[in-house]
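# Breakdown of the fold
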Amino acid sequence: MQKKKYMVRPGRLGLMGLLLAALFLGGCQDQPSGTITFADVGWDSVRFHNAVAGLIAEAAYGYSWTEVSGSSPIMHEALMKGEIDVNMEEWTDNLSTYQTDLENGRFKELGTNFGDNIQGFYVPAYVIEGDPERGIAPMAPELKTVQDLAQYADLFIDEEDPSRGRIYGAIPGWEINEIMRKKVEYNGLDRSYNYFQPGSDAALSAAFTSAYEKGEPIVGYYWEPTWLTGKYDLILLEDLPYTTEEEYKAGKTACPSVDVTIAVSNSFYEKDPEFCEFLSRYQTSSALTSEALAHMQDTGDDYNATARWFLTEHDQLISQWLPKEQADDVRAALGLTEETINPLFDFPFVLPVNVESFDASVRAFAANFSGVFDAVKNGLNILIGSISGLLNRIPWWLMIAAVSFAGFKLSKKPATGLLYGAMLFLVGMIGLWDLMNETLSIGLASVAISLAIGLPVGILISGSDRANFILRPILDTMQTMPVFVYLIPAVLFFGLGKAPAVIATTIYAIVPVIRLTSHGIRQVDPEVVEAARSFGSTKWQCLFKVQIPQALPTIMTGVNQTLMMAMAMVVTCSMIGASGLGMEVLISVNRIEIGRGLLAGAAVVIVAILMDRLTQGWFGKEEKNYD
């Protein structure tokens, strides 16, 4: 048997040479001794401390570093499992299992990052003192304590329930959230205020930012150090002095300073005791952290640049934290005027995009047209309230009976109707009936608006190539944009609650009905259209009596998809304070309560399945009627 001869072509030889050269050059770069994974629990201070510790890890210990994002309870769990190495900010009072987990040896506590922080209910300074430069008169000059809030419910109005005030609480899943809720109840504020859960720290800061930029009254939980308290003039309301932990956890006293610790996983503690020794000496303060965050906010520097500035400004900390040899390495790294760039692996330049100016212009636009946005928000709240009121007036047994009958009527199978009724009955059995109605009110309002806008737009672009050319890239962008991005403008323009949830859900869910309406009409046989026109039908008669009926199955598919996407987005909107089943899911995720999460998730699945099956059955019936 003759062996085949293989020849290497010149082109392949050149390609292999380039690959070998790339591997060689990459291998010539300094290889770190490993990668440290830091917890990013979502706020600026921890990202700043990660950058400081990460810079030292690179300069003094030869590590590279990365971050993993998640809520405080999620990151605490990941630390105990060894999925992350270091958490620079363990807010011990906000984690109900912290002491138990520490005593059981599930992680290592290395020391206190800072312990002089404060938290509680804040109001903007102009609420009490006014702001002559902005033309704002004092709104509540006598407001000094948490107890005084009882007199000002008509000032801090809840726009979703104008007969009551609104107090913004802490983040669902944080232990402090339950403490602040008890504080509201202990002081009798629940008689005139609604305790509103914002869903996330980003949503809470957005609520304060939006109110501050507009000069509107707001009261809610916040903490220091943060960029928000550094940038805006906020006043912490006084409370009864702290006495004991039991009294504090019952909401009866002021919040003590929380011990914010540095913790590492057991595996990392054993692997690198030298770096853990540095972390055990790492100690800052609330004032130092606020100073760094204020610098970042004023200059627009990122976290890494702010870390370099901070260590340069506070050189003494390097000596306190590190042995002389490592301290010299860090100082040498800080003395570099510019970073060494490998043109083969590092992108040669970065376009300087001024996102700060863009954000400022958007906020200014929101403030200037606040009247328009408030009117839209009020209209949405009326729509949501009407749907919610209707759902709440339907007795549970009548709702179940209606769903069972609809299932039987559409499927012609009694077993199907009974199954649908049993599934809905299960939602009530696990105590989530009222939350289901809240979710449905937001979802149905979003679907109604989506159809009111989407169907006409779909009809428009079906008959106009120019409109289709213009709108297609917009629809592509809307469909591929990460869903969380929709929450940002919704919160900025409309605040927190159900109204912005409807806006974000509508933007996300409207695309299918537009696309499939246009697609269905365009797919109608041209000969059928031409026949109708030849018999004297006008353009509009042809559209409504021929094209739309022929395209109805496709259009109905778009309606069904819009409904399903709306239900999915409503759950995500819990992050901006939309109550309902989504908030229950969010709380269970933040607390890592598996059972609670499974029950809430099951309720969401049941509602989605029922809506999908019932709409598909009805659409299928309509399709047969047009065949």
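It should be noted that the structure appears before, not after, this text.
Here is a short report on the structure shown in this document. Since we're looking at a predicted model, the values are computed, not measured.

Calculation criteria
- Residues numbered from 1 in each chain as written.
- Predicted model: local features only at pLDDT ≥ 70, side-chain atom pairs only at ≥ 80, totals over all residues.
- Heavy atoms only, no water.
- Helix = DSSP H or I, 4+ residues; strand = E, 2+ residues; numbered from the N terminus.
- Buried < 20%, exposed > 50% of the residue type's maximum accessible area, 1.4 Å probe, protein only.
- Contact = heavy atoms within 4.5 Å.
- Areas by Shrake-Rupley, 256 points an atom, 1.4 Å probe, with all protein chains shown as cover.
- Salt bridge = Lys/Arg side-chain N within 4 Å of Asp/Glu carboxyl O.
- Expected span 1.5 Å × (residues − 1).

A separate point is the overall build of the protein chain. Each helix and strand counted, the protein chain has 27 helices and eleven strands in total. Taking all 627 residues of the protein chain together, 47% fall into the buried category. Contacts in the protein chain between residues far apart in sequence, at least 24 positions, make up 75% of those at least 6 positions apart. Summed over all atoms, the accessible surface of the protein chain reaches about 31300 Å², with 59% contributed by carbon and sulfur.

With that settled, the discussion passes to the environment of Leu614. Note on placement: Leu614 falls in helix 27 (residues 594-626). Once the C-alpha coordinates of Leu614 and Phe408 are considered, the two residues, 206 residues apart in sequence, prove to be 10.0 Å apart.

Bringing the pattern of salt bridges into the picture now. Counted according to the given criterion, the structure contains 19 salt bridges. The partner of Arg181 in a salt bridge is Glu178, with the nearest N and O atoms 3.5 Å apart. In this pair, Arg181 and Glu178 are both assigned in helix 6 (residues 175-186), three residues apart and thus about one turn of the helix distant. The partly exposed category is assigned to Glu178, whose relative accessible area is 28%. Asp612 serves as the salt-bridge partner of Arg613, at 2.6 Å between the closest nitrogen and oxygen. Owing to a relative accessible area of 11%, Asp612 belongs among the buried residues under this scheme. By sharing partners, the salt bridges in this structure join Asp158, Glu160 and Arg166 into a single network.

Below, the discussion takes up helix 7 (residues 201-214). Given a rise of 1.5 Å per residue, 14 residues ought to cover 20 Å, and the 20 Å separating the end C-alpha atoms of helix 7 matches this to within 8%. The buried fraction of helix 7 amounts to ten of the 14 residues, a majority that puts the element mostly inside the structure. Among the residues making up helix 7, those that are buried are Asp201, Ala203, Leu204, Ser205, Ala207, Phe208, Thr209, Ser210, Ala211 and Tyr212. Gly215, located one to two residues past helix 7, shows a positive phi value of around 75°.

Any functional reading would require information beyond the geometric quantities listed.
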